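# Summary of the model geometry
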Amino acid sequence: MAIFISTKAPANYRNNLVNHNFKAELNMMNDADTHLQEIKDRVLAFAKERDWEQFHAPKNLSMAIAAEAAELMEHFLWQSPEASRSDMEAEKLRAKVEEELADVFIFAIEFANLTGIDIAKIIDAKMKRNAEKYPVEKAKGRSDKYTEL
Ligand SMILES: [Mg+2]
């Protein structure tokens, strides 16, 4: 059963549901059925409940994103690309990698919450710029930077 909480619903209604971790309690959060705004609200509520917003300067959050990205990379340090692919099949490693990837997303979302950045809007704009820089006919199958295409 999918639960959709419209972004048009009053913010306090959305936040009440998020604060009660309604979908999380029912293990119903997944990419297909979860609105990005719900995740942004939940991450914000978590920080508010702990009075952690005082630590959330753009500088600190940008560094936290990098630190968590480094924790993610640490699991693959010195591995070949092939081994990093096959090792992701191992449940134990996969669970650790999932945790670090979640940390990266959470701090990125904290950054967007703090600065009022609309994540969907900036990804849309960046993907359009990337498509212009890397047209399929020039970039397909190549890893070169756009200046070298
Ligand atoms: Mg971490």
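Since we're looking at a predicted model, the values are computed, not measured. (Residues numbered from 1 in each chain as written. Predicted model: local features only at pLDDT ≥ 70, side-chain atom pairs only at ≥ 80, totals over all residues.)

## Observations concerning the overall build of the chain
Check the secondary structure of the chain and you find eight helices and zero strands. Along the chain, helices and strands appear, N-terminal first, in the series α-α-α-α-α-α-α-α. Residue burial in the chain is summarised as follows: out of 149 residues, 7% are buried. Residue pairs at least 24 apart in sequence account for 69% of intrachain contacts in the chain once pairs closer than 6 positions are excluded. (Helix = DSSP H or I, 4+ residues; strand = E, 2+ residues; numbered from the N terminus. Buried ≥ 20, exposed ≤ 12 C-beta atoms within 10 Å, placed from the backbone. Contact = placed C-beta atoms within 7 Å.)

## What about helix H3 (residues 36-49)?
Taking 1.5 Å per residue as the helical rise, H3 with its 14 residues ought to reach 20 Å, and the 20 Å between its terminal C-alpha atoms agrees with that figure. Where H3 terminates, the next one or two residues include Asp-51, which has phi positive at roughly 55°. (Expected span 1.5 Å × (residues − 1).)

## Section: the packing of H3 against helix H6 (residues 91-115)
Across the interface, H3 lies against H6 with an axial gap of 9 Å and an inter-helix angle of 90°. The angle between the axes of H3 and H6 places the two elements in the roughly perpendicular class. From H3, Ile-39, Lys-40, Val-43, Leu-44 and Ala-47 reach across to H6, where they touch Ile-106, Ile-109, Glu-110, Ala-112 and Asn-113. (Axes fitted to C-alpha atoms, helices over the stretch in contact; angles between N-to-C directions. Parallel < 35°, antiparallel > 145°, perpendicular 65-115°, else oblique.)

## Here's the deal with the confidence of the model for the chain
Per-residue pLDDT for the chain averages 88, and the proportion of residues at 70 or more is 84%. Looking over the chain, one finds the lowest element-wise mean pLDDT in helix H1 (residues 11-19), namely 53, and the highest in helix H4 (residues 58-74), namely 98. (pLDDT = per-residue confidence, 0-100.)

## Remarks on the environment of Lys-59
Positionally, Lys-59 belongs in helix H4. For Lys-59, a count of 8 C-beta atoms within 10 Å corresponds to the exposed category.

## Notes on unusual backbone geometry
Its identity as a non-glycine residue notwithstanding, Asp-51 has a phi of 55°, on the positive side. Position of Asp-51 among the secondary structure elements: in the loop between H3 and H4. According to the C-beta neighbour criterion, Asp-51 is exposed, with 8 such atoms within 10 Å. The residue Trp-78 is not glycine, and still its phi comes out positive at about 75°. Mapped onto the secondary structure, Trp-78 falls in the loop between H4 and helix H5 (81-87).

## Quick look at the environment of Glu-74
Counting through the fold element by element, Glu-74 comes out in helix H4. Glu-74 sits in the exposed class, given 10 other C-beta atoms within 10 Å. In this structure, the C-alpha to C-alpha distance between Glu-74 and Glu-100, residues 26 residues apart in sequence, is 10.0 Å.

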